[in-house]
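Working through the structure, step by step
The primary structure of each chain is shown beneath.
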Amino acid sequence: MGLSEINAKIQFEKDPKLQERFGTLENYLQFQQLQLKRQSAWTYGQTVTNSIREGVKDWVSGKEKDRDAAEARYEAAMQASYAMDANYEKALSELQTKYRAYGDDTSKYNDAITAYNNLKTSKFDTDLEVKLARDHFNDANQFYGRISFMG
């Protein structure tokens, strides 16, 4: 007999109301065991519930962070794109000016052609980054919008 059973036996023998309610010590011990199991199940259920709540909260927080990071990426890509557009237009204008001045003799403005070609490649890269960042931001924002009503 364990300590809890000994305590239950002493309690049962001292309390006539318990004797009247349960009749025998065995019935009282069974009741005590059921109470312990019920309390254990309730505690386990609370632990699982709390764990699920925390998991969902962490998951939603991660989605918020992803949305914020996607927004920052998109804004940075747009700023880079604006800067690249200005540089590209400047290089194109310079190339056109030198073409008008020197015609088909590209040896006199080879540096302008090289700068233009490099900027053209960089402009493609920045335009692609804008598209990727916008898609990521739209997806993250749309997904976050679906979960934001959850509280």
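All values derive from a computational prediction rather than experimental measurement.

**Comments concerning helix α3 (residues 25–102)**
- For α3, with 78 residues, the first-to-last C-alpha span of 112 Å sits near the 116 Å given by 1.5 Å per residue.
- Every buried residue of α3 is accounted for by L25, Y28, L29, V60, A70, A77, M78, S81, M84, Y88, A91 and L95.

**Thoughts on the pattern of salt bridges**
- This structure, assessed with the given rule, holds 6 salt bridges.
- In this structure, D68 and R67 form a salt bridge, with 3.6 Å as the shortest nitrogen-oxygen distance.
- Residue classification places D68 among the partly exposed positions, given a relative accessible area of 40%.
- Here K98 and E94 are joined by a salt bridge, their closest N and O atoms 3.7 Å apart. Highlighted residues: K98 and E94, both in helix α3, separated by 4 residues, approximately one helical turn.
- With a relative accessible area of 22%, K98 lands in the partly exposed category.
- Through salt bridges that share partners, D85, K123 and D127 make up one connected network.

**What to know about a nonpolar patch on the surface**
- A grouping of Y44, V48, I52 and V56 is seen on the molecular surface, where their side chains present a nonpolar patch of about 380 Å² in accessible area.
- Mapping V48 onto the fold places it in helix α3.
- When its relative accessible area of 31% is taken as the criterion, V48 is described as partly exposed.

**Some thoughts on the packing of aromatic side chains**
- What the rule picks out here adds up to 6 aromatic pairs.
- Judged by centre distance (4.8 Å) and plane angle (40 degrees), the ring pair of F22 and F31 falls under tilted.
- By way of ring pairs, the aromatic residues F12, F22, Y28 and F31 are connected into one cluster.

**Comments concerning the nonpolar core**
- Membership of the largest hydrophobic core is limited to 8 residues, which are M84, Y88, A91, L95, Y109, A112, Y116 and L119.
- Among the secondary structure elements, those contributing two or more residues to this core are α3 and α4 (110–147).
- At 4 residues, the largest contribution of residues to this core is made by α3.
- Within the second largest apolar cluster, 7 residues are counted, among which are A8, F12, L18 and L29.

**Describing the environment of A77**
- Relative to the elements of secondary structure, A77 occurs in helix α3.
- What A77 contacts, discounting residues up to four positions off in sequence, is E129, V130 and A133.

What counts, and at which threshold
- Residues numbered from 1 in each chain as written.
- Predicted model: local features only at pLDDT ≥ 70, side-chain atom pairs only at ≥ 80, totals over all residues.
- Heavy atoms only, no water.
- Helix = DSSP H or I, 4+ residues; strand = E, 2+ residues; numbered from the N terminus.
- Expected span 1.5 Å × (residues − 1).
- Buried < 20%, exposed > 50% of the residue type's maximum accessible area, 1.4 Å probe, protein only.
- Salt bridge = Lys/Arg side-chain N within 4 Å of Asp/Glu carboxyl O.
- Patch = residues over 30% accessible without salt bridge, like charges linked within 9 Å, V, L, I, M, F, W, Y side chains within 5 Å.
- Areas by Shrake-Rupley, 256 points an atom, 1.4 Å probe, with all protein chains shown as cover.
- Phe/Tyr/Trp six-rings, centres within 6.5 Å; stacked < 30°, edge-to-face > 60°.
- Core = buried A, V, L, I, M, F, W, Y, C linked by side-chain atoms within 4.5 Å.
- Contact = heavy atoms within 4.5 Å.

By themselves, these figures tell us nothing about what the structure is for.
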